[in-house]
Amino acid sequence: MFAGVLNKGLRGGLFLCIALVISFLIISLLAIKEPESLFYPDLFYNYFSTKISNKLLIVCLNALLIVVAAYLVYQISIEEELVDKTNIYSLFLFLCINLVCCHSMQIVSQFITNTFYLYSVLKLIGTYRKDNVLSDFFVASFWLSASAFITTLSIIYFPLFLIGWLVLRPFNLKELSTIILGFLTPLFMFECIAYLTDFNQWYFVFATKEFFNSLKYPQMSEYYYAMLILLVLLFLISLVYLLLNGMGNTVKKQKVRGILLWSMFFSLFNLFAGGSNSTSILIILSFPLSVFIGDLLFAIKQKRITNTLIGLLMLSMFLVVLAKLNVL
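Cut-offs used in this document
- Residues numbered from 1 in each chain as written.
- Predicted model: local features only at pLDDT ≥ 70, side-chain atom pairs only at ≥ 80, totals over all residues.
- Heavy atoms only, no water.
- Axes fitted to C-alpha atoms, helices over the stretch in contact; angles between N-to-C directions.
- Helix = DSSP H or I, 4+ residues; strand = E, 2+ residues; numbered from the N terminus.
- Parallel < 35°, antiparallel > 145°, perpendicular 65-115°, else oblique.
- Left-handed = near helix turned anticlockwise from the far one by under 90°.
- Contact = heavy atoms within 4.5 Å.
- Polar contact = N/O pair within 3.5 Å; in protein donor to acceptor, adjacent residues only side chain to side chain.
- Buried < 20%, exposed > 50% of the residue type's maximum accessible area, 1.4 Å probe, protein only.
- Patch = residues over 30% accessible without salt bridge, like charges linked within 9 Å, V, L, I, M, F, W, Y side chains within 5 Å.
- Areas by Shrake-Rupley, 256 points an atom, 1.4 Å probe, with all protein chains shown as cover.
- Salt bridge = Lys/Arg side-chain N within 4 Å of Asp/Glu carboxyl O.
- Phe/Tyr/Trp six-rings, centres within 6.5 Å; stacked < 30°, edge-to-face > 60°.
- pLDDT = per-residue confidence, 0-100.

Peer 1: Explain the packing of helix H4 (residues 55-79) against helix H6 (residues 109-125) to me, please; I cannot follow it from the model alone.
Peer 2: Angle between the axes and distance between the axes: these two values describe a pair of packed helices. Relative orientation of the contacting elements H4 and H6 amounts to 20°, with a least axis distance of 9 Å. By the angle between their directions, the pair H4 and H6 is classed as roughly parallel. Note on packing geometry: the crossing formed by H4 with H6 is left-handed. In this structure, H4 uses Asn62, Leu65, Ile66, Val68, Ala69, Leu72, Val73, Gln75 and Ile76 to contact H6, whose residues at the interface are Phe111, Ile112, Thr115, Leu118, Tyr119, Val121, Leu122 and Ile125.

Peer 1: Explanation requested: the side chain of Ser77 in the structure shown.
Peer 2: Residue position: Ser77 is located in helix H4. Of the polar contacts made by the side chain of Ser77, one reaches the backbone oxygen of Val73; its length is 2.7 Å. When near neighbours in sequence (up to four residues on either side) are disregarded, Ser77 contacts Leu82, Val83 and Ser90.

Peer 1: Any chance you could explain helix H5 (residues 89-99) here in plain terms?
Peer 2: One turn of the α-helix equals 3.6 residues, which is why residues spaced by three or four share an orientation. Counting buried positions along H5 yields 11 of 11 residues, so the element is predominantly enclosed. For H5, the set of buried residues is Tyr89, Ser90, Leu91, Phe92, Leu93, Phe94, Leu95, Cys96, Ile97, Asn98 and Leu99.

Peer 1: Where do I start with the side chain of Ser316 in this structure?
Peer 2: Assignment of secondary structure puts Ser316 in helix H14 (residues 303-324). Among the polar contacts listed, one links the side chain of Ser316 to the backbone oxygen of Leu313, at a separation of 2.6 Å. If near-sequence neighbours (up to four positions away) are discounted, Ser316 is found in contact with Tyr223, Ala226, Met227 and Leu230.

Peer 1: Where do I start with the packing of helix H2 (residues 10-30) against H4 in this structure?
Peer 2: With their axes 10 Å apart at the nearest point, H2 and H4 run at an angle of 155° to one another. Viewed along their axes, H2 and H4 adopt a mutual orientation that is roughly antiparallel. In terms of crossing hand, the pair formed by H2 and H4 is right-handed. Across from Leu10, Val21, Leu25, Ser28, Leu29 and Leu30 in H2, the residues of H4 making contact are Lys55, Leu56, Val59, Ala63, Val67 and Tyr74.

Peer 1: Just to check I follow, could you spell out the environment of Leu72 for this structure?
Peer 2: In this fold, Leu72 is placed in helix H4. For Leu72, a relative accessible area of 8% puts it in the buried group. Separated by 70 residues in the primary sequence, Leu72 and Phe2 have C-alpha atoms spaced 22 Å apart. Ignoring sequence-local partners within four residues, the contact set of Leu72 consists of Thr115, Leu118, Tyr119 and Leu122.

Peer 1: Sorry, what's going on with a nonpolar patch on the surface here?
Peer 2: On the surface, Met220, Tyr225, Ile229, Val232, Leu233 and Leu236 cluster together into a nonpolar patch covering about 560 Å² of accessible area. Summarising the element assignment, Leu233 is placed in helix H11 (residues 225-245).

Peer 1: What exactly am I supposed to notice about the packing of aromatic side chains here?
Peer 2: Between two aromatic rings, the relevant description is the distance of the centres plus the angle of the planes. The final tally for this structure, using the stated rule, is 12 aromatic pairs. One aromatic cluster in this structure is built from Phe116, Phe138, Phe142 and Trp143.

Peer 1: Sorry if this is basic, but what is going on with the confidence of the model for the protein chain here?
Peer 2: Low pLDDT marks regions whose predicted coordinates should not be analysed in detail. The pLDDT averaged across the protein chain works out to 84; a share of 95% of its residues lies at or above 70. The lowest-confidence element of the protein chain is helix H3 (residues 43-49), averaging 62 in pLDDT; the highest-confidence one is H5, averaging 92.

Peer 1: I'm lost on the pattern of salt bridges in this one. Help?
Peer 2: Pairs can form between side chains of opposite charge whenever their charged atoms are close. By the definition in use, this model includes four salt bridges. For the salt bridge of Lys123 with Asp136, the shortest nitrogen-to-oxygen distance reads 3.2 Å. Pair noted here: Lys123 is in helix H6 and Asp136 is in helix H7 (residues 134-147), with a separation of 13 residues, a long-range link. The exposure class of Lys123 is partly exposed, given its relative accessible area of 22%. Note that Arg169 is salt-bridged to Glu175, the shortest N-O span being 2.9 Å.

Dropping the structure here:
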């Protein structure tokens, strides 16, 4: 059933994606508890997140952020030709992973960070083999830097951005200077406002220090075990598929998928950030996982196998839903 719909591309799978979003929106509104509480050692975000307590508003904002991020994933994967034009498995999987993490009690900071990060990646990939792209580099690095004021997990992506730039383009001092300027601009703007208002000066330095001082093993809820194990197994199988069939049929695909593998590597550091749990792990890894696993599912010719794998994913998500409804 799932494979038959998703194999038709966006025209066939759009209704399924919309139904998925609406279903989890309702589930989040009906949720009695959350399997995990979210806390990041980011005082700036925590201060403002406490100002919103209305459950409907929280769920709607979380869902909106997921939908915007999913649109950016579609732009990166389809419009930037990371996958085949009819392959929307990455969009579907991204929605599945993030919607199951949709919190009903607080706005998830990682959803905001993901949106900024994905927009930054979209602008970065768009510079491939193009001229006069200094403004794109500035915008991309600016929003990536701005995301670090929501959650300091983003600082891990700063070196990743530079690696991605060097993978896509030859070294250029003017471009490097523009990227550094983009990184520093949000910091300069915040410190100016902090100085004038005498509020939270040198926040970024403090938050970065707190990030490295609070590294510890993640605390994961047992309700997410099935989903995490399944996604890890599918990712390992997708890596074997890549090794046997290559990284792609174009140079751009090969380069961008190489950057995604680098992002998987850098994301491992975020697993040990203070407050890290199953929810944050899934959100952080949702983009590269959805692309690689989506490619694998799209390549499987037998719909029965694809439907079985997606069915197992749905069952693992259902366990989390039962926990949210206080059935388990």
